[in-house]
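One letter stands for each residue in the lines below.
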Amino acid sequence: MRVLVINAGSSSIKYQVISLPEGESQVQGLIENIGTGGPSTHTEALHLLVEQIGDVSGIDAVGHRVVHGGSRFVEPTLITPEVETHIEELSSLAPLHNPANLAGIQAAKDAVPGVPQVAVFDTAFHQTMPDAASTIALPTEVASTWGIRKYGFHGTSHQYVSRIASTLLGGDSSTHKIITAHLGNGSSMAAIKGGRCIDTSMGFTPLQGLVMGTRPGDTDVAVVSHLLRNAGLSLDQVDTMLNTESGLLGIAGSSDFRDITSRAEAGDEVALRALDVWAWRIRHYIGAYAALLGGLDALVFTGGIGENSVLGRREATAGLEFLGVALDPYLNERRSSSARYVSPSGASVAVMVIPTNEELEIATQVAAIVGQAR
Ligand code: ADP
């Protein structure tokens, strides 16, 4: 089966054609600057995509990454007009992402007609969280009227790497206690017990949790009212600050982790401080999740930073030997693009680096549901 995977953003579309069960990527590409010099609409971009792929007659299904599935979508879902309406309704929770995802869906129905179109939601994997984890303790009436709860994001990535980790661990996967750390520009962690997510660090929006490239992660919400009342900032300005001017960028003037680590290694105090703040939060979550899981079998690093940064992994695990978390310096420093252990042999917690592949995970989920529908 050949699945076209589409990740439509507001101004770009990433795509890949993946053949299954081999999991081989046959074509991939990126169409940029939609509406700003490139194609004028998503529909035009999709026609360009079809041209780039050449022949779409061999495509058996299309999988769409959709950022927000709310509480409704807990698994990959065959797209119908009703599903599109729900994705549109969820736009209030993801105003930058869901409308773009929807535009991609509508354009793909036209450009690749007659094949099943499936939505795979970033939030879906986290919907198994217990109520105690997902509840935001506002007045119940307010929370339920406005859909205020923890949703979590990056679910496709957490699901993919935790499944591989479980296979590497071997034994009875229903007992595995795994923490996954997806560390990129946007970063999140998840606590996964027996293959089911029980908690994750992003919340109602992708602003919560870890210190990221441009977002502060966990922040006392009273900071917002303080700035509104006293700093002469508008709500939009505070919102922009929290989403695009904070995190590593806010502390050290760069959101690029390579830049932060090379400066830190050269002794730059500002970069060292940013790295300390970044790593402190990750260790905080490792401890918290080990407690919630009631133990720990594996800690998995993925994402641009998690997969590549030797120093990042070292700082994120420093001082956690009491939990059984330790790195083998040689394995941690070895460069490789395959899934691997970086903990010493015989360690009680397997620390792993597992390159994520959200497109492959989407294609696999699409193939499973299209296969069932046949
Ligand atoms: P996104 O969230 O945009 O998908 P990525 O997962 O690609 O981001 O991660 C981007 C981050 O990974 C950047 O901060 C970048 O500096 C960092 N990164 C990429 N390669 C390396 C490397 N070799 N060493 C350290 N950091 C790296």
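What you see is a predicted model; the values in this text were computed from it and never measured.

### Side note on the overall build of the protein
- The helix and strand tally for the protein stands at 15 helices and 12 strands.
- Rg of the C-alpha trace for the protein: 21 Å, near the compact-globule value of 21 Å for 374 residues, within the 12% margin.
- Each principal axis of the C-alpha atoms in the protein carries an extent, and together these give about 55 × 55 × 45 Å.
- Considering the protein as a whole, with its 374 residues, one finds that 49% of them fall into the buried category.
- Taking as baseline every contact in the protein between residues at least 6 positions apart, the subset at least 24 positions apart corresponds to 65%.
- Here the protein displays about 16,800 Å² of accessible surface, and carbon together with sulfur accounts for 53% of that area.
- Across the protein, the mean location of the 24 positive side-chain charges is 5 Å away from that of the 38 negative side-chain charges.

### Side note on the packing of helix 11 (residues 269-293) against helix 13 (residues 310-317)
- In contact at an axis separation of 7 Å, helix 11 and helix 13 are set at 55 degrees when each is read in the N-to-C sense. Comparing the axis directions of helix 11 and helix 13 gives the class oblique. Once helix 11 is placed against helix 13, the crossing between them reads as right-handed. Residue-level contacts link Leu275, Asp276, Trp278, Ala279, Ile282, Arg283 and Ile286 of helix 11 to Leu311, Gly312, Glu315, Ala316 and Thr317 of helix 13.
- Looking at the contact of helix 11 with helix 13, its residues break down into 7 nonpolar, 2 polar and 3 charged.

### Points about the nonpolar core
- Formed by 36 residues in total, the largest nonpolar core has its most connected members in Ile179, Leu183, Met189, Trp278, Ile282 and Leu299.
- Contributions of two or more residues to this core are made by strand 7 (177-183), strand 8 (187-193), helix 9 (247-252), helix 10 (257-265), helix 11, strand 10 (298-302), helix 13 and strand 12 (350-353).
- Here this core takes 10 residues from helix 11, the largest share from any one element.
- Not counting the four nearest positions on each side in its chain, Trp278 is found in contact with Leu183, Val211, Leu248, Phe257, Ile305, Gly312 and Ala316.
- Core analysis: the second largest hydrophobic core is formed by 23 residues, Val5, Ile178, Ala298 and Ala367 among them.

### A few points about the sheet that holds strand 7
- The sheet built from 6 strands is open, its strands ordered 9-8-7-10-12-11 with mixed pairing. Among the strands making up the open sheet, the edge pair consists of strand 9 (196-200) and strand 11 (340-341).
- In this sheet, strand 12 lies alongside strand 10 in parallel orientation, the contact comprising 4 bridges. Bridge pairing in strand 12 places Val300 opposite Met352.
- Strands in contact with helix 6 (residues 155-169) are strand 7, strand 8, strand 10, strand 11 and strand 12; relative to strand 7, the strand with the most contacts, it is inclined by about 135 degrees.

### Things to note about the packing of helix 10 against helix 11
- Between helix 10 and helix 11, the least distance of the axes is 8 Å, while the angle of their chain directions is 120 degrees. Judged on the interaxial angle alone, helix 11 and helix 10 are oblique. Our pair here, helix 10 against helix 11, has a crossing hand that is left-handed. For the pair helix 10 and helix 11, contact is made by Phe257, Ile260, Thr261, Arg263 and Ala264 and by Val270, Ala271, Leu272, Ala274, Leu275 and Trp278, respectively.
- Counted by class, the contact of helix 10 with helix 11 contains 9 nonpolar, 1 polar and 1 charged residues.

### Some points on the site of the ligand
- Neighbouring residues of the ligand: Gly184, Asn185, Gly186, Ser255, Asp256, Phe257, Arg258, Gly303, Gly304, Ile305, Asn308 and Ser309.
- Phe257 has a polar backbone atom sitting 3.0 Å from an oxygen atom of the ligand.
- Contact distances for the ligand include 2.8 Å between an oxygen atom and a backbone N or O atom of Gly304.
- Notes on the ligand: free accessible area 580 Å², of which the protein chains cover 68%.
- Among the elements of the structure, helix 10 and helix 12 (303-308) are those that each provide at least two residues to the shell around the ligand.
- For the shell around the ligand, the element with the highest residue contribution is helix 12, accounting for 4 residues.
- Of the residues assigned to the shell around the ligand, the class counts are 2 nonpolar, 8 polar and 2 charged.

### As for the packing of aromatic side chains
- Counting across every chain of the model gives 4 aromatic pairs.
- Residues Tyr151 and Phe204 carry aromatic rings whose centres are separated by 6.2 Å and whose planes lie at 35 degrees to one another, so their mutual orientation is tilted. In this pair, Tyr151 is assigned in the loop between helix 5 (140-146) and helix 6 and Phe204 in the loop between strand 9 and helix 7 (222-230), connecting sequence segments 53 residues apart.
- What makes Tyr151 buried here is its relative accessible area of 3%.
- Their ring planes at 40 degrees and their centres at 4.5 Å tell us that Phe257 and Trp278 sit as a pair that is tilted. Of this pair, Phe257 sits in helix 10 while Trp278 is found in helix 11, placing the two residues 21 residues apart along the sequence.

Basis of the calculations
Throughout, residues of each chain are indexed from 1 in the direction in which the sequence is written. Note on the predicted model: pLDDT of at least 70 is required for a residue's local features to be given, and 80 or more for side-chain atom pairs to be given and counted; whole-chain, interface and lining totals, by contrast, use all residues. Side-chain numbers here rest on the full set of heavy atoms in the structure, without hydrogens or water. Elements are defined by DSSP. Helices are runs of H or I of four residues or more, strands are runs of E of two residues or more, and each kind is numbered from the N terminus. A radius of gyration in this sense is built from C-alpha atoms; the matching globule rule multiplies 2.2 Å by the number of residues raised to 0.38. Burial classes: relative accessible area under 20% of the type maximum marks a residue as buried, over 50% as exposed, and values in between as partly exposed (1.4 Å probe, protein chains only). In this description, contact between two residues means that some pair of their heavy atoms is separated by no more than 4.5 Å. Surface accessibility in these figures is a Shrake-Rupley result with a 1.4 Å probe; residues are shielded only by whichever protein chains are displayed. Under the convention used here, Asp and Glu are negative, Lys and Arg are positive, and both His and the chain ends fall outside the count. All charge positions are set by atom: Lys at NZ, Arg at CZ, Asp at CG, Glu at CD. Axis angles are defined between N-to-C directions and span 0 to 180 degrees, where every axis is a line fitted to C-alpha atoms and, for a helix, only to the segment in contact. Should an angle lie under 35 degrees it is considered roughly parallel, over 145 roughly antiparallel, and from 65 to 115 roughly perpendicular; all remaining angles are considered oblique. Here a crossing is taken to be left-handed if its near helix is turned anticlockwise relative to the far helix by less than a right angle, and right-handed if that turn runs clockwise. Note that Gly is not counted as nonpolar here; it falls among the polar residues with everything else outside the nonpolar set of Ala, Val, Leu, Ile, Met, Phe, Trp, Tyr, Cys and Pro and the charged set of Asp, Glu, Lys and Arg. Here the nonpolar core consists of buried residues drawn from Ala, Val, Leu, Ile, Met, Phe, Trp, Tyr and Cys, with membership extended through side-chain atoms lying within 4.5 Å. Whether two strands pair comes down to DSSP finding at least two bridges between them. To be near a molecule or strand, a residue needs just one of its heavy atoms within 4 Å of it. Under this definition, polar contacts are N or O atom pairs within 3.5 Å; protein pairs additionally need one hydrogen-donor-capable and one acceptor-capable atom, and for neighbouring residues in sequence, both atoms have to be side-chain atoms. To pair, rings of Phe, Tyr and Trp, with the six-membered ring standing in for Trp, must have centres within 6.5 Å; the planes then decide the type, stacked if under 30 degrees apart, edge-to-face if over 60, and tilted in the middle.

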